[in-house]
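Listed here are the chains, written in short residue letters.
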Amino acid sequence: MTLKHTINITVSNFNLLYKAFFYFLIIAIIIGAIACIAITPTVNDIKASLDESGFSVSFKEVFEKLLDGDKAFLDSIKEAVNDFSLLKDAIGGLKTELIGGLFIIFTFVLVFLFLYRLCVLPFTNIINQYMLMGNSFNFMSNYIAQLKESAAYAAISTLILTPITFGINFFCLYIAYLLVKSISIFGLPVAFIIWVFLSSLKSALFCGWLPSMVRDEKNVFKALQNGIKAIGKKYGRIFLCYCSAHIILFVACNLLVTFTFGAGLLFIVPLIMLFTKTLELVIYYNLKNYHYYVDKNNVNTVSVYDEFKNVSDCPPEDQE
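Residues numbered from 1 in each chain as written. Predicted model: local features only at pLDDT ≥ 70, side-chain atom pairs only at ≥ 80, totals over all residues. Heavy atoms only, no water.

### A word on the environment of L274
Our working rule: In this description a helix means any DSSP run of H or I spanning at least four residues, a strand means any run of E spanning at least two, and both kinds are numbered starting from the N terminus. Buried, partly exposed and exposed residues are distinguished by accessible area as a fraction of the type maximum, computed with a 1.4 Å probe on protein chains only: under 20%, between the cut-offs, and over 50%, respectively. For this analysis, residues touch if any pair of their heavy atoms sits within 4.5 Å.
Its place among the elements puts L274 in helix 14 (residues 265–288). On the basis of relative accessible area, L274 is assigned to the buried category, the value being 4%. For the pair L274 and F123, spaced 151 residues apart in the sequence, the C-alpha separation amounts to 7.8 Å. What L274 contacts, discounting residues up to four positions off in sequence, is T10, N13, F14, L16, L17 and I127.

What follows is the structure, encoded as structure tokens:
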């Protein structure tokens, strides 16, 4: 029922997908352009050093012969592999440049994540208002009105969630690498299952954070505490719900990319954001036993986590 309601509300607010896409595209272009300008001197230094070592020339010959259909490209590959010692020597003299380049990339990734998460609270609040009243609201007015709260959430969530997400993804990629070496391509499904398990643990733990801010108007720290407290003994059921949700998203994103011949890649991030934030709200509303619009004509009045069969049987403090 939770996932069904989430899908219904997501479809009803599908116009938000385009707004999220354009926001994502604009900040990606701006941050990408500034990052390219900032890192160009470092890239030029590294390229010049590789050219002097002769390593880049070896690989250039490989690609040229491969594109020309020259069978001698296999010999060139062997020569290029043997030239890895040249690469090691070249990198040895570029430690400062490499550290500087990685620092620039890391900084711009954090800035991008911060700017991207600035839009998460306004979009979540628009969905929240739809679930409360069945009406849609303007994105820009929400964005401006809630900029202070959005900045607080974006900063704290970037510091907390980014290391956890990075750790999960890095760990699963490493596991996938080890499994593929051991059992070939059959290791990928195992690595995916591990990723779903770990990601669901994280999502279930923090799913009440943002809804507590937009629905109960808590500040960023109280909302985090209130969200975790609201989950309580329902954590296991929420975890299983997220396992299903991650698999549904994986299938949906693959279908989107396949049927759009790759163009759907541009919409994957906005789609995931829209679906996951709607899911967080649906879970939170059910945990708190709040009524909400599933669509413009139907209101859900019974929590899927509640033991009562009728909303009229609920304790007075749980009705709203």
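### Let's talk about the nonpolar core
Applied cut-off: Residue types Ala, Val, Leu, Ile, Met, Phe, Trp, Tyr and Cys, when buried and joined through side-chain atoms within 4.5 Å, form a set referred to as a nonpolar core.
Ranked by size, the top nonpolar core spans 48 residues in total, and within it C119, M131, W209 and M213 carry the most contacts. At nine residues, the largest contribution of residues to this core is made by helix 2 (residues 15–53). Among all residues touching M213, those that are not within four sequence positions of it are L121, E149, Y153, K218, N219, V220 and A223. With 16 residues, the next largest nonpolar core counts I231, C241, A245 and I283 among its residues.

### Section: unusual backbone geometry
Unlike most non-glycine residues, S184 shows phi in positive territory, near 65°. Among the structural elements, S184 can be located in the loop between helix 9 (147–183) and helix 10 (187–206). Backbone geometry at E217 places phi at a positive 55°, although glycine is not the residue there. Residue placement: E217 occurs in the loop between helix 11 (209–215) and helix 12 (220–231). Note on E217: relative accessible area 70%, which makes it exposed.

### Focus on the packing of aromatic side chains
Quick note on the threshold: Classification of ring pairs uses Phe, Tyr and Trp, with its six-membered ring standing for Trp, and accepts pairs whose centres are within 6.5 Å; under 30 degrees between planes counts as stacked, over 60 as edge-to-face, and the remaining range as tilted.
Under the definition given, this model contains 20 aromatic pairs. Centre to centre, the rings of F24 and F112 are 5.7 Å apart; their planes meet at 75°, and the pair counts as edge-to-face. Here F112 lies in helix 6 (residues 95–117) and F24 lies in helix 2, a separation of 88 residues in the sequence. Like F112, F24 is buried. Here F192 and W195 contribute two aromatic rings whose centre-to-centre distance is 6.0 Å and whose plane-to-plane angle is 20°, an arrangement assigned as stacked. Taken together, the positions of F192 and W195, both in helix 10 and three residues apart, correspond to about one turn of that helix. Here the aromatic cluster, defined as three or more aromatic residues joined through ring pairs, consists of F14, Y18, F21, F22 and F267.

### Quick look at the packing of helix 10 against helix 13 (residues 235–259)
Threshold: Angles shown run from 0 to 180 degrees and are taken between the N-to-C directions of axes, each axis being a line fitted to C-alpha atoms and, for helices, limited to the stretch in contact. Orientation is classified from the angle alone, with under 35 degrees giving roughly parallel, over 145 giving roughly antiparallel, 65 to 115 giving roughly perpendicular, and any other angle giving oblique. Two helices cross in a left-handed way if the nearer one is turned anticlockwise from the farther one by less than a right angle. They cross in a right-handed way if the turn is clockwise. Each residue receives one of three labels: charged for Asp, Glu, Lys and Arg, nonpolar for Ala, Val, Leu, Ile, Met, Phe, Trp, Tyr, Cys and Pro, and polar for the others, Gly being one of them.
Packing of helix 10 against helix 13 brings their axes to within 8 Å, and their N-to-C directions diverge by 130°. When the axis of helix 10 is compared with that of helix 13, the two are oblique. Judged by the twist between their axes, the crossing of helix 10 over helix 13 is right-handed. Contacts from F192, W195, V196, F197, S199, S200, L201, S203, A204 and L205 of helix 10 reach helix 13 at Y235, I238, F239, Y242, C243, H246, I247 and F250. Its residues assigned to classes, the contact of helix 10 with helix 13 comprises 14 nonpolar, four polar and no charged.

### Brief notes about the confidence of the model for the protein
What counts is decided by this rule: Residue-level confidence of the predictor is what pLDDT reports, using numbers from 0 through 100.
Scored by pLDDT, the protein has a mean of 82; 79% of the residues are at 70 or more. Note that residues 307–320 has pLDDT below 50 and, in this model, 18 contacts with residues that lie over four places away or in other chains.

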